[in-house]
Amino acid sequence: MKICPYVTFPGNCADAVTLYERAFKVKAEVMRYSDAPSENGYVCPEGMEHLIMHAQFELGGEKVMLCDNPPEFPFTIGENISIMVEFDDEDSAKFAFDVLKDGGEVGMELRETFWSKCFGSLCDRFNIGWNISVGCPQE
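It should be emphasised that the depicted structure is a prediction, and the values quoted were computed from it without experimental measurement.

Quick notes on the rules
Residues numbered from 1 in each chain as written. Predicted model: local features only at pLDDT ≥ 70, side-chain atom pairs only at ≥ 80, totals over all residues. Heavy atoms only, no water. Core = buried A, V, L, I, M, F, W, Y, C linked by side-chain atoms within 4.5 Å. Buried < 20%, exposed > 50% of the residue type's maximum accessible area, 1.4 Å probe, protein only. Contact = heavy atoms within 4.5 Å. Helix = DSSP H or I, 4+ residues; strand = E, 2+ residues; numbered from the N terminus. Expected span 1.5 Å × (residues − 1). Arc of directions from axis to C-beta. Phe/Tyr/Trp six-rings, centres within 6.5 Å; stacked < 30°, edge-to-face > 60°. Polar contact = N/O pair within 3.5 Å; in protein donor to acceptor, adjacent residues only side chain to side chain.

Novice: Got a sec to walk through the nonpolar core? Specific residues and values, please.
Specialist: Among the nonpolar cores identified, the biggest contains 11 residues, and these are Val7, Phe9, Cys13, Ala16, Val17, Ala28, Ile52, Ala55, Phe57, Val64 and Leu66. The residues contacting Leu66, other than those within four sequence positions of it, are Tyr6, Val7, Phe9, Cys13, Val17, Tyr20, Ile52, Met53, His54, Ala55 and Phe57.

Structure follows, in structure tokens:
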């Protein structure tokens, strides 16, 4: 299992990536909304083509992940940092997700996506955001 911070921005993620690359002398991997594969019916939201769907860089041997907020999800400064947990197996991910969602609010039920065998997001009863993931679908 691995964990990392996941930071969401209200449309200025590219500026943040540029700043962090400069400050930490790193190179981020960046995928824009328009770069996402259209399989499984994905359609890039209008006006989001140039925004960042996912970016990541390594800092101190650990990943830091970032993105611009999709319009269908509310954005509140102060609630824009969550914890990403990458599990090795789906059973462990499902168990953690079910425990965390009790009394919380699910943003996205666990399901296969183009980036993960199993991914879901939620805010637990303490208002902490969690992204639960299991590897890439092609693994």
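Novice: Give me helix α1 (residues 13-24): which residues, what numbers.
Specialist: Look at α1: 16 Å from first C-alpha to last across 12 residues, which is about the 16 Å you get at 1.5 Å a residue. Buried within α1 are the following residues: Cys13, Ala16, Val17 and Glu21. Angular distribution of buried residues about the axis of α1 spans 135°; they occupy a single face of the element. Among the exposed residues of α1, those pointing more than 90 degrees away from its buried face are Asp15, Thr18, Arg22 and Ala23. Each element contacted by the buried residues of α1 is listed here: β1 (2-9), β2 (29-32), β3 (52-59) and β4 (62-68). Residue Lys25 follows α1 closely and has a positive phi angle near 55°.

Novice: Can you explain the packing of aromatic side chains? Please cite residues and give values.
Specialist: What the rule picks out here adds up to 5 aromatic pairs. Note on Tyr20 and Phe24: the rings are 6.4 Å apart at their centroids and 35° apart in plane angle, and the pair reads as tilted. Of this pair, Tyr20 and Phe24 both sit in helix α1, 4 residues apart, which is roughly one turn of the helix. Its relative accessible area of 25% is what places Tyr20 among the partly exposed residues. Between Phe24 and Phe57, the aromatic rings sit 6.4 Å apart at their centres with planes inclined by 25°, giving stacked as the arrangement. Within this pair, whereas Phe24 is found in helix α1, its partner Phe57 is found in strand β3, the two being separated by 33 residues in sequence. Residue class for Phe57 comes out buried when judged on its relative accessible area of 5%. Through successive ring pairs, a cluster of aromatic residues spans Tyr20, Phe24 and Phe57.

Novice: I'd love a proper account of the side chain of Asn131, names of residues and values included.
Specialist: As for its placement among the helices and strands, Asn131 is situated in strand β8 (residues 129-134). Its relative accessible area of 10% is what places Asn131 among the buried residues. Reaching out from Asn131, the side chain makes a polar contact with the side chain of Ser82 at a distance of 2.8 Å. Apart from the residues lying within four places of it in its own chain, the contact partners of Asn131 are Tyr6, Ser82, Ile83, Met84, Val85, Phe119, Gly120 and Ser121.

It is worth stressing that arrangement in space is one thing and function is another; only the former is reported here.
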